[in-house]
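# Topology and contacts: notes
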Number of protein chains: 2
Amino acid sequence: MEEIDHLGHERSKIEFDVEAMKIVWAGSQRALEVSDRISRLVASDPIFRKDDRTILSRKELFNTTLRKSAHAWKRIIELRLTEEEASRLRFYIDQPAFMDLHWGMFIPAIKGQGTEEQQKKWLPLAYKMQIIGCYAQTELGHGSNVQGLETTATFDPKTDEFILHSPTLTSSKWWPGGLGKASTHALIYSRLITDGQDHGVHGFIVQLRSLDDHLPLPGITIGDIGIKFGNGAYNSMDNGVLRFDHVRIPRDQMLMRVSQVTREGKYLQSDVPRQLVYGTMVYVRQTIVSDASCALSRAVCIATRYSAVRRQFGSQDGGPETQVIDYKTQQNRLFPLLASAYAYRFVGEWLKWLYTDVTQRLQANDFSTLPEAHACTAGLKSLTTSATADGIEECRKLCGGHGYLCSSGLPELFAVYIPACTYEGDNIVLLLQVSRFLMKTVSQLGSGIKPVGTTAYMGQVEHLMQCHCDVQRAEDWLKPSVILAAFQARAARMSVACAQNLSKFSSQEEGFAELSADLVEAAVAHCQLIVVTKYIEKLQQAIPGKGVKEQLAALCNIYALSLIHKHQGDFLANGCITPKQASLVNWQLRSLYAQVRPNVIGLVDAFNYTDHYLGSILGRYDGNVYPKLYEEAWKDPLNDSVVPDGYHEFIRPMLKQQLRTARL
Amino acid sequence: MEEIDHLGHERSKIEFDVEAMKIVWAGSQRALEVSDRISRLVASDPIFRKDDRTILSRKELFNTTLRKSAHAWKRIIELRLTEEEASRLRFYIDQPAFMDLHWGMFIPAIKGQGTEEQQKKWLPLAYKMQIIGCYAQTELGHGSNVQGLETTATFDPKTDEFILHSPTLTSSKWWPGGLGKASTHALIYSRLITDGQDHGVHGFIVQLRSLDDHLPLPGITIGDIGIKFGNGAYNSMDNGVLRFDHVRIPRDQMLMRVSQVTREGKYLQSDVPRQLVYGTMVYVRQTIVSDASCALSRAVCIATRYSAVRRQFGSQDGGPETQVIDYKTQQNRLFPLLASAYAYRFVGEWLKWLYTDVTQRLQANDFSTLPEAHACTAGLKSLTTSATADGIEECRKLCGGHGYLCSSGLPELFAVYIPACTYEGDNIVLLLQVSRFLMKTVSQLGSGIKPVGTTAYMGQVEHLMQCHCDVQRAEDWLKPSVILAAFQARAARMSVACAQNLSKFSSQEEGFAELSADLVEAAVAHCQLIVVTKYIEKLQQAIPGKGVKEQLAALCNIYALSLIHKHQGDFLANGCITPKQASLVNWQLRSLYAQVRPNVIGLVDAFNYTDHYLGSILGRYDGNVYPKLYEEAWKDPLNDSVVPDGYHEFIRPMLKQQLRTARL
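Residues numbered from 1 in each chain as written. Chains lettered and ligands numbered in written order. Predicted model: local features only at pLDDT ≥ 70, side-chain atom pairs only at ≥ 80, totals over all residues. Heavy atoms only, no water.

### Some thoughts on the domain arrangement of chain A
Residue and element names in this part refer to chain A.
- Assigned domains of chain A: these are domain 1 (131–272) and domain 2 (277–450 + 461–605).
- For domain 1 versus domain 2, the separation of C-alpha centres amounts to 37 Å.
- Overall, the association of domain 1 and domain 2 removes approximately 640 Å² of surface from exposure, summing both partners, and the carbon and sulfur fraction of that is 73%.
- Taken together, the links from domain 1 to domain 2 amount to zero salt bridges.
- In this assembly, domain 1 and domain 2 are joined by one residue pair in polar contact (both at pLDDT 80 or more).
- Residue classes in the side of domain 1 that touches domain 2 are distributed as three nonpolar, four polar and no charged. (Domains from an automatic or database assignment. Buried area = accessible area lost by both parts, 1.4 Å probe. Salt bridge = Lys/Arg side-chain N within 4 Å of Asp/Glu carboxyl O. Polar contact = N/O pair within 3.5 Å; in protein donor to acceptor, adjacent residues only side chain to side chain. Nonpolar A, V, L, I, M, F, W, Y, C, P; charged D, E, K, R; others polar.)

Here it is, written out as structure tokens:
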């Protein structure tokens, strides 16, 4: 077997300590060790192979989901993996499965919304996988608007039961992962009705299938909602449809931590604050931001390695052509994405801290930072997932034609990633929430209520409305204080401008509706400021390793300056920078590109992804792209025979002019 | 069967003559009649069904390609369809197939590059489908850089033959559609070598497979290159890989219109001008622009209809929720795409005229407009395909979660469309070509050479560098002259700024390399100006039908103003407009959205697409979305059984805690 490192020349040029950067990326030496060990464990186990995933039929693919899930669970038990290790194992298996919802939604929701008694009853069953649970909220006709759900849970005081029912077609539960085929139980969100009164949406634990033969229980119709975007991709998940025909469950299966229904059918609120729910949302969205950095870094790793392997044009005297990565157009598209991957990594790390902080405050009944934390995570979820979805597709385009082959890994990565823009809050809806929070912050500026956390900069709004950027030469754009000032001025001015325009409408709501597009842009400006700020704060910490901090600083500048260029309309329209300063941004960017160019292979090696996890021939660690692409082609089922099935029936009669009489 | 028109209420509000608009969209009454007749013919023929396409295996899918192609050919003969009708038939069958390359590339290339004798020999065979041809140019290691191709065709004077050979792995032909399984012949582009001398890349007609049993001829290895992005989508096409091991063909199978090899092995150039090749490129790219308007309009039609059906939030007192299309954020994303679809339609129409004009000039040996026409079509190909690819994905997002289901039609539309950004010239490479042309134009401004055609505005560069936009109120942005002036000033100033920056480099080539990102942006500005100009010119023609012109004018303004907003950085940085004027753009846009809102269903109905062609449950003409989505779900193979395959093997042992002993 040939063992040439086609990227060896690139690796010899790297100017920083890649091993030290791996620790920065992983978060800690220990996190790196766990990731490294578990990813190799997965890569070396043939049951976890995934190179055939894009050519499997839906049924075959789902069968591998079941096989991999069972095998993973078996290994988790055999190897006595910790919760963290088990979670990494599922991550590196890299196949969407009912397990994700069982561990990621079903169990946390019972923990968060169930009483102690309920937790004691259900959690041990779930922890041992004696039941499989999913989280059934969205309906065929209802997504973002949870309060519009139609499924009903009507209390019957005669039998002390709730009757779950799907009154309309649009009330069918639709989309929940794991619901279609695998789950035995579900958390069902439905309207609680007692004594004819509608108390809004509440959660209920409902058994869906018999634990003996997996058949749906009486009154329950379940199925899969059909094939989704992409080859392989999310089709390993059994997103489901569910209808209830007057299904009865005991009263104690309503999640009763926050509100209860008594034996008599009385509806009560406990003294547990409702805001706890927001704590969970902060948690879930924080993991989504962290996933964004994973998905984007994966795409960037593939595109960067292949851009170093691939050559096009520029041959001198029959010598080799130019490496595609040396073209400025390629750098201008790729390097900001590389920088974004790091930026999202660090903002994700910070969000993890924020969640801990919020949790501690909640336990101390301090709700003061919750709205700000909620707005901030909502906004960052939206910002990072949208940019990641677009970024993956951009990476695919950066690989030229071959990026269109499934063997490049990029089509599947795109298809499997994009739901993140929709689930856990549609990205536009979330940005509108952020903008409402920003408008509230602006309106309170004169009132003595001090803006906190990520909105603290608003406290200096008077200064920010008037300050001038003092960049004179391109290098001035490298100063963190200059960058921060520009992003703060832009965000503040856009928010204030929106607030002023809102005041021109007779009603606040009409204004919000009319100006929603502007409000979304103001929210984006605010969220980009957060990412830039957290990256700059990260750089103020001690970061060991030769050259590591220098590379991270260069990427931070690339991230910030490429955003200024991309959104220069915002910066110019609000007078934050001058046209001359905008043009200096471009000059500085080019010199930053030149600075990171020798190190980009090191910067993607630092993600420490196995070839198994990457799942891309173009992104192979050894750069041995073309022989492997060629080899892979022959595995397509169409190549089972040289002469295709259908030749005698269709092609031959055409060539022989015998179609007229042929039966097709 | 239920026959309710769920969009009836929307249709009753339309303020213009939809039938007249259909004619505008189709191009003429006759074109509408043909399209209408042929699309219904296809829709009503069960062999052309495509609702099962996303769940077929690769082999099954390819089998339907053969079946549909043979059936189409049979129908073309039986019904004696004209060439135009046959082409519409293939269009509405809507399945990428070897036929596209046979008719769209193989035949035109022989026509363009073959001698009269060669045409006489090969065209009748191709017209009758007695041979199936493809166009084999790109190689595993060589895409955009045609001059870098490695395949060789070496003349052997002893036998009067060429020897075709693939000297390296990267020289394997790779990507050509129809090559893998269906084609019997190919146009092979390879380096011509006579007497040890390399004459660069030339075309050769090569038989690949036996006409008796379809087996590859000796020395030829052919296969399919494997599965590509998306379910169904382009996987019906047998993009192929091909290697030659010293394969001999007669000398007269080199395409000899432009250059020849004599019996003695002498290489000669004929007096046929090489520029003819550019004429063909203008033709092909013109069809790509027209295809862009089709693909984008299809996505827009789906997203618009579903946005009118779908409701979310805003329910008052338990009444129905707000139609999603009434949200400004939705309008702000969707309506500019609707406007773009129309804009691309009209610029495509104009390109058709341009091709005719160029052809006539070529015949009269007038090459003066060719460089401009070439730059213009290259740029428009790039602009429209990139925007269409992004626009389809945006439409998918605009449909919320359900857009992710294959039954929405949007995933497949995206996956099948995106190659257009790469084939026939990578979009970035093309924009760099445009920018080179622009720089040349700028450099010649003082020389007395007058810029022609779409660059004529450069003639007034002195005025354009200084002029001021005189918009005072939002309504001023409705004036075509104001819009044109702003776009011209922006394009001219960006080109001039690039030219000035280029002059700062010691070598022109270094400058081009360093400034390539800026050059691309200048090229985009120029191309957007062309689209805006051609739309405005279209509106200066007589357009019959009540309200038709008014709607088209509103869309034209939406197209132009949404671009100004999107690229306001360009307009502001170059001082073309002021921040105040930029903000008036937004106010005017909102009022335009309100103006077209009642008419949008009519504006997408005017595309006259059958439900078969649309292939989307969300985009159904009757708006009966939810019952049909529900129905469709059950057709997924996973729903063949209620208890999934693999339950006994994997799920049950897990639930029953028997995994330890299970063999997985």
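From this point, the discussion proceeds with the structure in view.
### Some remarks on the UniProt feature "domain: Acyl-CoA oxidase C-terminal" (unreviewed entry) in chain A
- Taking the UniProt record as the reference, the feature "domain: Acyl-CoA oxidase C-terminal" (unreviewed entry) is found at residues 480–656 of chain A.
- Within the segment residues 480–656 of chain A, helix and strand shares are 71% and 0% respectively, and the terminal C-alpha atoms sit 73 Å apart. (UniProt positions renumbered as here; feature names shortened; annotations may be inferred. Helix = DSSP H or I, 4+ residues; strand = E, 2+ residues; numbered from the N terminus.)

### Remarks on the interface of chain B and chain A
- Contacts between chain B and chain A engage 137 residues on the former and 137 residues on the latter.
- Of the roughly 11,800 Å² buried at the junction of chain B and chain A (both faces included), carbon and sulfur atoms supply 64%.
- Contact with chain A buries surface across chain B, with B:Phe229, B:Tyr404 and B:Leu638 losing the most and accounting together for 7% of the total.
- Counting across the interface, chain B meets chain A through eleven salt bridges.
- Measuring nitrogen to oxygen at the nearest pair gives 2.9 Å for the salt bridge that ties A:Asp640 to B:Lys59.
- Along the contact surface separating chain B from chain A lie 53 residue pairs in polar contact (both at pLDDT 80 or more).
- In terms of residue count, the dominant contributor to the side of chain B that touches chain A is helix α4 (residues 58–78) of chain B (twelve residues).
- Of the residues contributing to the side of chain B that touches chain A, the split by class is 66 nonpolar, 38 polar and 33 charged. (Contact = heavy atoms within 4.5 Å.)

### Let's talk about the packing of helix α16 (residues 516–539) of chain A against helix α9 (residues 328–363) of chain B
- As a packed pair, α16(A) and α9(B) sit with axes 7 Å apart at the nearest point and diverge in direction by 90°. By the criterion of interaxial angle, the relationship of α16(A) to α9(B) is roughly perpendicular. Contacts between α16(A) and α9(B) involve A:Ser516, A:Ala517 and A:Val520 on the former and, on the latter, B:Lys328, B:Thr329 and B:Asn332. (Axes fitted to C-alpha atoms, helices over the stretch in contact; angles between N-to-C directions. Parallel < 35°, antiparallel > 145°, perpendicular 65-115°, else oblique.)

### Overview of the relation of the copies chain B and chain A
- You can overlay chain B on chain A at an RMSD of 0.0 Å; the transform is a turn of 180° with a shift of 0.0 Å along its axis. Taken together, the rotation and translation relating the two chain copies correspond to the operation of a two-fold axis. Residues of chain B ranked by C-alpha distance from the rotation axis are headed by B:Gly569, positioned 1.7 Å from it. (Least-squares fit on C-alpha atoms with pLDDT ≥ 70 in both.)

### Some words on the sheet that holds strand β4 (residues 173–174) of chain A
All names here are of chain A.
- Taking strand neighbours across the sheet as the criterion, the three strands line up as β4-β8-β7 in an open arrangement whose pairing is antiparallel. Edge strands, defined here as strands with exactly one partner in the open sheet, are β4 and β7 (220–224).
- In the sheet, β7 pairs with strand β8 (residues 240–244) via five bridges, with the strands oriented antiparallel. Looking across to β8, one finds that Thr 221 is bridged to Arg 243. (Pairing = 2+ DSSP bridges.)

### Some words on the pairing of strand β2 (residues 152–156) of chain B
All names here are of chain B.
- For β2, the tally of buried residues reaches four of five residues, placing the bulk of the element in the interior.
- Hairpin connection, β2 to strand β3 (residues 161–165): the antiparallel pair is bridged by four residues, and Asp 160 has positive phi, about 60°.
- Note: β2 against strand β5 (residues 185–194), three bridges, orientation parallel. Counted as the bridge partner of Thr 154 is Ile 193 from β5. (Buried < 20%, exposed > 50% of the residue type's maximum accessible area, 1.4 Å probe, protein only.)

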